[in-house]
Amino acid sequence: MQRFIPGTTLKFAEQARESAFSLIAPVLEATGGLTLSQLSTLTGLGGSTIQNWIKRGWVSATTGKKYSEKQVLRILLINMLRSAMKLDDIAKLMSYVNGDVDDNSDDIIADIHLYNMLCRIIFKAEDGYRFTPDAVRELISAEIEAHKCDIANAEKLSKAMFVMVMGYHSGRLKAVMEEVLENVIEEVNSGSYGK
């Protein structure tokens, strides 16, 4: 299975290991934000899905026709979890971590730090096949310890990150299962499964 940067259609690159968002940030800086079309290409999401997330208050509204770093990060975080979790549950989880989408003062951690930390944990877990609950908690603890200065409430963040990492992994497992199931169904439909 191809490895991608979580929440995106970008293929994994070593540069992403420490700072996944560093692959996206230069485009945002050079263009002053992403258009809806660019954001759709980056995430694989339809424009109507992105606009719906804004209408529902899960992502802050745009000012103009470009999506800012904050909006892109929130969309990436939601997108990386949506294959395993209900969207309403993701919204509640994001609220648990960072309160009101339009108010940074209630954030436990900036979305950019959250996204990069989650990606580092996911890449380490994938590299070592370490998706057991204890191994994931250990990776989260190490990551939080290394970045304490950026975190307002480590205990709360640890809980949320555990759900996010395991949710992301569950979505990946589901995709693998569906791929194999599709092949099995094709064999059954063609009548070649018993031969």
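An account of the accompanying structure is given in this report.

Parameters and conventions
- Residues numbered from 1 in each chain as written.
- Predicted model: local features only at pLDDT ≥ 70, side-chain atom pairs only at ≥ 80, totals over all residues.
- Heavy atoms only, no water.
- Helix = DSSP H or I, 4+ residues; strand = E, 2+ residues; numbered from the N terminus.
- Rg over C-alpha atoms; globule rule 2.2 N^0.38 Å.
- Buried < 20%, exposed > 50% of the residue type's maximum accessible area, 1.4 Å probe, protein only.
- Contact = heavy atoms within 4.5 Å.
- Areas by Shrake-Rupley, 256 points an atom, 1.4 Å probe, with all protein chains shown as cover.
- Phe/Tyr/Trp six-rings, centres within 6.5 Å; stacked < 30°, edge-to-face > 60°.
- 1 Å grid on protein atoms, 1.4 Å probe; cavity = no way out; pocket = protein on both sides within 12 Å on 5 of 7 lines; lining within 4 Å.
- Points joined across faces, edges and corners; volume = space filled by probe spheres on them.

1. A closer look at the overall build of the chain
Within the chain, the secondary structure is distributed over 8 helices and 0 strands. The helix and strand sequence of the chain, counted from the amino end, reads α-α-α-α-α-α-α-α. Relative to the 2.2 N^0.38 estimate, which gives 16 Å for 195 residues, the radius of gyration of the chain is 18 Å and therefore close to what a compact globule would have. Dimensions of the chain along its principal axes, counting C-alpha atoms only, are 65 × 40 × 30 Å. Out of the 195 residues belonging to the chain, those deemed buried represent 42%. Once local pairs closer than 6 in sequence are excluded, the contacts in the chain between residues at least 24 apart make up 64%. When the accessible surface of the chain is totalled, it reaches about 10,300 Å², and 53% of it is carbon and sulfur.

2. Side note on the packing of aromatic side chains
For the structure shown, the criterion picks out 2 aromatic pairs. Ring geometry for Phe12 versus Phe123: centroids 4.9 Å apart, planes at 70 degrees, classification edge-to-face. Here the residue Phe12 occupies a position in the segment before helix H1 (25-31), and Phe123 occupies one in helix H6 (residues 111-128), the gap between them amounting to 111 residues. The two residues Phe12 and Phe123 agree in class, both being buried. When the centroid spacing of 6.3 Å and the interplanar angle of 85 degrees are considered together, the rings of Phe21 and Tyr115 count as edge-to-face. In this pair, Phe21 sits in the segment before H1 while Tyr115 sits in helix H6, placing the two residues 94 residues apart along the sequence.

3. Notes on the environment of Glu14
Position of Glu14 among the secondary structure elements: in the segment before H1. Judged by relative accessible area, which is 53%, Glu14 ranks as exposed. Along the sequence, Glu14 and Cys149 sit 135 residues apart, while their C-alpha atoms lie 25 Å from each other.

4. Section: the layout of surface pockets
As a volume, the largest pocket reaches approximately 360 Å³. Every residue lining the largest pocket is counted, 18 residues in all, and those nearest its centre are Asn79, Met80, Ser83, Tyr168 and Arg172. Broken down by secondary-structure element, the contributors of at least two residues to the lining of the largest pocket are helix H4 (69-81) and helix H8 (154-190). With 6 residues, H8 is the largest single contributor of residues to the lining of the largest pocket.

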